[in-house]
Amino acid sequence: QVQLVESGGGSVQTGESLRLSCQASGSIFSISVMGWYRQSPGSERELVAATSRRGSGFTKYADSVKGRFTSSRDYDNNAVYLQMNSLKSQDTAVYYCNAVRVATEEGGSDYWGPGTQVTVSS
């Protein structure tokens, strides 16, 4: 059974920073893409950042977070992190960890974490 667990959310002021962490657990052989999505009330879930497999390491960022957020993967430990700097009120949302094509003995599937709330107030 694969599980994703996020941590690091909270409430901060505009301009401050937060670091989110996501740990995947289970009998995992490999993970193709790990990253972050977010969803605010009344809006669709949107991509924040996603990093591809080891060897490529390409990260795609949403235009709205480029230059402020940095995603990094720990390939050996099936973890992904999101460093969020210069936070804005528009960044307020529930942030979800996502793992794509997680390979286990049972095959390959995609997984989501339960989400962690980030609130930015002015």
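Report follows, based on the coordinates. Computed from a prediction, not measured in an experiment: that's the story for all the values here.

### Focus: the overall build of the chain
Now for step 1: For the chain, the helix and strand inventory stands at zero helices and eleven strands.
Now for step 2: In sequence order, the secondary structure elements of the chain are arranged as β-β-β-β-β-β-β-β-β-β-β.
Now for step 3: Compactness check: the chain gives a C-alpha radius of gyration of 14 Å against a globular reference of 14 Å for 122 residues, within 12% of the reference.
Now for step 4: Buried positions account for 39% of the 122 residues belonging to the chain.
Now for step 5: Taking the contacts inside the chain whose residues are at least 6 apart along the sequence as the reference set, 54% of them involve residues at least 24 apart.
Now for step 6: Looking at the chain as shown, the accessible area adds up to about 6400 Å², and 45% of this sits on carbon and sulfur atoms.
Now for step 7: Each charge class in the chain can be summarised by its mean position, and for the 11 positive and 11 negative side chains these summaries are 7 Å apart.

### Here's the deal with the side chain of Arg73
Now for step 1: Relative to the assigned elements, Arg73 resides in strand β7 (residues 69–74).
Now for step 2: One buried charge, Arg73, has no salt-bridge partner; the nearest side chain with opposite charge is Asp74, at 8.4 Å.
Now for step 3: There is a polar contact of 3.1 Å between the side chain of Arg73 and the backbone oxygen of Ile31.
Now for step 4: In terms of polar contacts, Arg73 uses its side chain to reach the backbone carbonyl oxygen of Ser32, at 3.1 Å.

### Considerations on the pairing of strand β11 (residues 116–121)
Now for step 1: Of the two faces of β11, only one is covered, namely that formed by Thr116, Val118 and Val120; the face formed by Gln117, Thr119 and Ser121 stays uncovered.
Now for step 2: The pairing of strand β2 (residues 10–13) with β11 spans four bridges and is parallel. Across the sheet, Val12 pairs through a bridge with Val120, a residue of β11.

### Brief notes about the state of the cysteines
In protein structure, a disulfide is the covalent linkage between the sulfur atoms of two cysteines.
Now for step 1: Per the counting criterion, the structure on display carries one disulfide.
Now for step 2: Covalently, Cys22 is tied to Cys97 through a disulfide, its sulfur atoms 2.0 Å apart. Every disulfide takes its handedness from the sign of the S-S torsion; for Cys22 and Cys97 that torsion is -80°, giving left-handed. Remark: Cys97 occurs in strand β9 (residues 93–104) and Cys22 occurs in strand β3 (residues 18–25); sequence separation between them is 75 residues. As far as the burial class goes, Cys22 and Cys97 line up, both buried.

### A closer look at the environment of Ser121
Now for step 1: Along the chain, Ser121 falls in strand β11.
Now for step 2: Taking the C-alpha atoms as reference points, Ser121 and Glu16, separated by 105 residues in sequence, lie 9.9 Å from one another.
Now for step 3: When sequence neighbours within four positions are dropped, the list of residues in contact with Ser121 reads Val12, Gln13 and Thr14.

### Overview of the environment of Tyr61
Now for step 1: Mapped onto the elements, Tyr61 comes out in strand β6 (residues 59–61).
Now for step 2: The spatial distance from the C-alpha of Tyr61 to the C-alpha of Ser27 is 29 Å, given a sequence separation of 34 residues.
Now for step 3: Other than its neighbours up to four places away in sequence, Tyr61 contacts Val48, Ala49, Lys66, Phe69, Thr70 and Ser71.
Now for step 4: Reaching out from Tyr61, the side chain makes a polar contact with the backbone nitrogen of Ser71 at a distance of 2.9 Å.

Criteria and cut-off values
- Along each chain, residue indices are assigned from 1 in the same order as the chain's sequence is written.
- With the structure being a predicted model, the display of local features is reserved for residues of pLDDT at least 70 and the display and counting of side-chain atom pairs for 80 or more, all residues being used for whole-chain, interface and lining totals.
- Excluding hydrogens and water, the side-chain values take into account all heavy atoms of the structure.
- Numbering of helices and strands starts at the N terminus; helices are DSSP runs of H or I of at least 4 residues and strands are runs of E of at least 2.
- We compute the radius of gyration from the C-alpha atoms alone; for a globule the expected value is 2.2 Å times N to the 0.38, where N is the number of residues.
- Classification of residues uses two cut-offs on accessible area relative to the type maximum, computed with a 1.4 Å probe and protein chains only: under 20% is buried, over 50% is exposed, and between them is partly exposed.
- In this description, contact between two residues means that some pair of their heavy atoms is separated by no more than 4.5 Å.
- Surface accessibility in these figures is a Shrake-Rupley result with a 1.4 Å probe; residues are shielded only by whichever protein chains are displayed.
- Under this rule, positive means Lys or Arg and negative means Asp or Glu; His and the chain ends count for nothing.
- Working definition for charges: the position is that of NZ of Lys, CZ of Arg, CG of Asp or CD of Glu.
- Salt bridges are identified by distance alone: a Lys or Arg side-chain nitrogen within 4 Å of an Asp or Glu carboxyl oxygen.
- For the purposes of these results, a polar contact is taken to be a pair of N or O atoms within 3.5 Å, where, inside protein, one atom must be able to donate a hydrogen and its partner to accept one; residues adjacent in sequence count only when each atom of the pair is a side-chain atom.
- DSSP bridges decide pairing: two strands pair if at least two such bridges lie between them.
- Any pair of cysteine sulfurs within 2.5 Å is marked as a disulfide.

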